[in-house]
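Residues per chain are reported as follows:
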Amino acid sequence: MSIRMHKPWLGIAEAKGLLRGNLGVYQLADEHQQVLYIGFAGGKSLFGLKGEVGHALQRLPQACLVRWEVTSAYLTRYKELLMLHRHDFGELPDNNEPLPLGVLRPAG
Amino acid sequence: MQLELTAEQDLVIATVRRFVREEIAPLEFDLDPDADELAAADKERLITKTKAMGLYGLDIPPAFGGPDIDLVTRTLLAVEMAQHRAGLYAPCYGTFGGAGLAQLFEATEEQKEKYLYPTLRGEKRGFFGLSEPSGGSDPARAIQTRAVRDGDDWIINGGKLWISGADKAQYGLVFARTANDKGRNGVTCFIVDTDTPGFAVRRIVHTLRSAHYATELSFDDMRVPASNILGELNKGFAIANDRLTKQRIPYAAGCIGVAIKAQEMALEYVPQRETFGAPLSSRQSIQWMLVDNEIDIKQSLWITLEAAAKADSGENFRKQAAMAKLVATEAGGRVVDRCMQMFGGLGVAKDLPFERWFREMRIRRIGEGPSEVQRHVIARELLGSSLR
Ligand SMILES: Cc1cc2nc3c(=O)[nH]c(=O)nc-3n(C[C@H](O)[C@H](O)[C@H](O)COP(=O)(O)OP(=O)(O)OC[C@H]3O[C@@H](n4cnc5c(N)ncnc54)[C@H](O)[C@@H]3O)c2cc1C
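How each quantity is defined
- Residues numbered from 1 in each chain as written.
- Chains lettered and ligands numbered in written order.
- Predicted model: local features only at pLDDT ≥ 70, side-chain atom pairs only at ≥ 80, totals over all residues.
- Heavy atoms only, no water.
- Helix = DSSP H or I, 4+ residues; strand = E, 2+ residues; numbered from the N terminus.
- Rg over C-alpha atoms; globule rule 2.2 N^0.38 Å.
- Buried < 20%, exposed > 50% of the residue type's maximum accessible area, 1.4 Å probe, protein only.
- Contact = heavy atoms within 4.5 Å.
- Lys, Arg positive; Asp, Glu negative; His and termini not counted.
- Charge placed at Lys NZ, Arg CZ, Asp CG, Glu CD.
- Phe/Tyr/Trp six-rings, centres within 6.5 Å; stacked < 30°, edge-to-face > 60°.
- Lys NZ or Arg CZ within 6 Å of the ring centre and 35° of its normal.
- Disulfide = S-S within 2.5 Å.
- Patch = residues over 30% accessible without salt bridge, like charges linked within 9 Å, V, L, I, M, F, W, Y side chains within 5 Å.
- Areas by Shrake-Rupley, 256 points an atom, 1.4 Å probe, with all protein chains shown as cover.
- Salt bridge = Lys/Arg side-chain N within 4 Å of Asp/Glu carboxyl O.
- Buried area = accessible area lost by both parts, 1.4 Å probe.
- Polar contact = N/O pair within 3.5 Å; in protein donor to acceptor, adjacent residues only side chain to side chain.
- Domains from an automatic or database assignment.
- Expected span 1.5 Å × (residues − 1).
- Pairing = 2+ DSSP bridges.
- Axes fitted to C-alpha atoms, helices over the stretch in contact; angles between N-to-C directions.
- Core = buried A, V, L, I, M, F, W, Y, C linked by side-chain atoms within 4.5 Å.

Chemist: Got a minute to help me understand the overall build of chain A in this structure?
Modeler: Counting its secondary structure elements, chain A contains 3 helices and 4 strands. The globule rule puts the C-alpha radius of gyration for 108 residues at 13 Å, and the 13 Å found for chain A is close to it. Across its three principal axes, chain A shows a C-alpha extent of roughly 35 × 30 × 25 Å. For chain A, buried positions account for 52% of its 108 residues. Considering only contacts in chain A between residues 6 or more positions apart, those separated by 24 or more positions represent 64%. Considering chain A, the positive charge centre built from 12 side chains and the negative charge centre built from 10 side chains are found 8 Å apart.

Structure below.
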């Protein structure tokens, strides 16, 4: 079972029209699909994913692609995506603060 | 069984109650409603306090440096520690320490030095790897992970499912089949370092539980020295059974704590909330929900304390522990459900803890032996060998 995010990358303008106030996780990337930041919209987020992605874009104007998953298991999925990124690249995305995380070695 | 608390019990319970209300609950205002961890600085500060209270490492026997407190009192403390939003699966966010299911009290001195003492000092974490994709209710028959002897080592192949905390653990207890016996006599418990080649945490298993997610593990030609067998060869199932039986009492206590907190919130709310010109508390249907909650709470508390008292007396407490786990997990679910109903929309919103308790409480009827398995254990104790 793949644990990678398979949602398509979207440009910011298109994404802004589609994002809603759901709980979930998201990734922001540069034009080469290099992940710059992994975030989540949790129980305290104003306007859910729409609000969180909007805030993150203000901090990271260089991001031009975004993709997301709507999920109520946002915290465990967020940690899984961070661990997966660290497994693939040896470190967290540049704009993520360090966090106590476990170690994953996905099958695929 | 003594029905009144001693002055000493009263004092220690009041201390923990104050700690939960004054130190833990206020931190939850700023945390995500699903959070299972405190900021490192907060956790460190609070551990200093629980150590100063002499209550750090509550599930550790005094011989290993834990506080000398009987199980009845520890059960009452576990009831208190669960009375906050994350309290069911992260009581007080781990600030009271402890070893959980990965206790190694029958370890050799060498194993204790390497695993037990660092765990008790909070330097290492362990996981408990019993359940597999083939089934967790009847692990003695379901375990397919195999260990084969190779000189002084064992080579383990297979996998585990639902294992809590394995991604953050330095070691774990892995139960594997070491003989052709298809039941409980062919299972051995190995202590496995998580940096052993061939060990991998493949994924998080996302469930209703926000805290301490479960994981899936795989073992590919994982070489473990024979000196890492915990207890005796082919006698690992008794270790698993022992852990699970003991764990049923604090497991039940956590459910009771959450139920008590939910009921307390409902008792505060219903006299204030008005519908159709009268407070909710004036409606008989609301009163009956509160009454049913109270009965559910008291029944499960007494059954759980009876199990703890039986364990304290050194007698066989398997039946009582299974009854406590069964009754408290089911009653806890009913109480939280009724409280949600009384709070209306707020009851299901993330603004209040009910929705998290509701999700996590549902797991309690499955985790560490489903309700049906507890009934099976109780029936076996009642009917004896005729049922085996
Ligand atoms: C969030 C979570 C965390 C967990 N953490 C751990 C962990 O850290 N370590 C670990 O080893 N395991 C862990 N478990 C596994 C847990 O102990 C098992 O899920 C549980 O024992 C049930 O096993 P199963 O899921 O394979 O269900 P099965 O064994 O397939 O049973 C399915 C259902 O069948 C019914 N049933 C079973 N036996 C009987 C019977 N005799 N009579 C009638 N009905 C019956 C029950 O309703 C049961 O729910 C965890 C599970 C969850 C959900």
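Chemist: Help me out: how do you make sense of the packing of aromatic side chains in this one?
Modeler: Aromatic ring pairs are defined here through the distance separating the ring centres and the angle between the ring planes. Within this structure, the stated rule accounts for 12 aromatic pairs over all chains. Relative to Y37 of chain A, the ring of Y26 of chain A has its centre 6.1 Å away and its plane inclined at 50°; by these criteria the two rings are tilted. Of this pair, Y26 of chain A sits in strand β2 (residues 24-29) while Y37 of chain A sits in strand β3 (residues 35-41), and the two are 11 residues apart along the sequence. By the burial criterion, Y26 of chain A is buried, and Y37 of chain A matches it. Every member of this aromatic cluster is reached through a ring pair, and the members are Y269, F343, F354 and W357 of chain B. Directly above the ring of Y251 of chain B sits R364 of chain B, whose terminal nitrogen or CZ lies 3.9 Å from the centroid.

Chemist: What should I look at first to understand the state of the cysteines in this one?
Modeler: Think of a disulfide as a covalent bridge from one cysteine sulfur atom to another cysteine sulfur atom. Residues and elements named next belong to chain B. The final tally for this structure, using the stated rule, is 0 disulfides over all chains. The structure places no disulfide on C339, whose sulfur is separated from the nearest cysteine sulfur, that of C255, by 14 Å. A relative accessible area of 0% means that C339 is categorised as buried.

Chemist: For this particular structure, what's the right way to read a nonpolar patch on the surface?
Modeler: A grouping of W288, V291 and I295 of chain B is seen on the molecular surface, where their side chains present a nonpolar patch of about 310 Å² in accessible area. Within the secondary structure layout, V291 of chain B lies in helix α7 (residues 284-312).

Chemist: Is there a simple way to think about the interface of chain A and chain B in this case?
Modeler: It is common to report an interface's size as the accessible area lost on association of the parts. Each side of the interface is counted separately: chain A has 24 residues, and chain B has 22 residues. Of the roughly 1,800 Å² buried between chain A and chain B, counting both surfaces, carbon and sulfur atoms make up 55%. Linking chain A with chain B are 2 salt bridges. K79 of chain A is paired through a salt bridge with D36 of chain B; the nearest N and O atoms lie 3.2 Å apart. Applying the counting criterion to the chain A and chain B interface returns 12 residue pairs in polar contact (both at pLDDT 80 or more). By residue number, the principal contributor to the side of chain A that touches chain B is helix α3 (residues 74-89) of chain A, which donates 7 residues.

Chemist: Please explain the domain arrangement of chain B as it appears in this structure.
Modeler: All names here are of chain B. You can read the domains of chain B as domain 1 (7-103), domain 2 (126-230) and domain 3 (238-386). For domain 1 and domain 2, the distance between their C-alpha centroids amounts to 29 Å. Listed as interface residues are 8 residues of domain 1 and, on the opposing side, 10 residues of domain 2. Linking domain 1 with domain 2 are 1 salt bridge.

Chemist: Help me understand a negative patch on the surface in this model?
Modeler: Residue and element names in this part refer to chain B. On the surface, a cluster of negative charge is made up of E8, D68, D70 and D312. Along the chain, the position of D68 falls in the loop between α2 (40-52) and α3 (71-81). Exposure remark for D68: the relative accessible area of 69% places this residue in the exposed category.

Chemist: What's the story with the pattern of salt bridges in this structure? I'm lost.
Modeler: When the charged atoms of two side chains lie near each other, side chains of opposite charge can form a pair. Applying the stated rule across the entire model yields 34 salt bridges over all chains. With a closest N to O distance of 3.2 Å, D242 of chain B and K246 of chain B form a salt bridge. One end of the pair, D242 of chain B, and the other, K246 of chain B, are both in helix α6 (residues 236-269), 4 residues apart, so they sit about a helical turn from each other. If you follow the salt bridges from partner to partner, you end up with K79 of chain A together with D36, E37 and K168 of chain B in one network.

Chemist: Help me out: how do you make sense of helix α11 (residues 371-383) of chain B in this one?
Modeler: The α-helix advances 3.6 residues per turn, and as a result positions three or four apart in sequence lie on the same side. Residues and elements named next belong to chain B. Its 13 residues place the ends of α11 18 Å apart at the C-alpha level, agreeing with the 18 Å of an ideal helix rising 1.5 Å per residue. Among the residues of α11, those classed as buried are S371, V373, Q374, V377, I378 and R380. Structurally, α11 contributes buried residues whose contacts are with α6 and α8 (318-343). Count one or two residues on from α11 and you reach G384, which has phi positive near 65°.

Chemist: When you look at the sheet that holds strand β1 (residues 10-11) of chain A in this model, what are you seeing that I'm missing?
Modeler: The strands that make up a sheet are held in pairs by hydrogen bonds between backbone atoms, and each pair lies either parallel or antiparallel. Residue and element names in this part refer to chain A. One open sheet accounts for 4 strands, arranged β1-β4-β2-β3; its pairing is antiparallel. One side of each edge strand has no neighbouring strand; the edge strands of this open sheet are β1 and β3. Direction of pairing for β2 relative to strand β4 (residues 65-70): antiparallel, over a ladder of 6 bridges. If you follow Y26 over to β4, its bridge partner there is W68. Here helix α2 (residues 48-59) sits on the sheet and contacts β2, β3 and β4; the angle it forms with β2, its principal contact strand, is near 25°. Against the sheet, α3 contacts β2, β3 and β4, and its axis sits at roughly 165° relative to β3.

Chemist: What is the right way to look at the nonpolar core in this model?
Modeler: Side chains of a nonpolar character, in soluble globular proteins, are inclined to be buried together. One finds L55, L77, I249, M342 and F354 of chain B to be the most contacted residues of the largest nonpolar core, which totals 67 residues. Every element with two or more residues in this core is listed here: α1 (7-24), α3, α6, α7, α8 and α10 (354-364) of chain B. At 12 residues, α6 of chain B tops the list of elements feeding residues into this core. Counting the residues that make up this core, at least three belong to each of domain 1 (7-103) and domain 3 (238-386) of chain B. For I249 of chain B, the contacting residues outside a window of four places in its chain are L71, T75, T304, A307, A308, A311, F317 and A321 of chain B. The next biggest cluster of nonpolar side chains, apart from the first, holds 38 residues, and it includes M5, W9 and L101 of chain A together with A147 of chain B.

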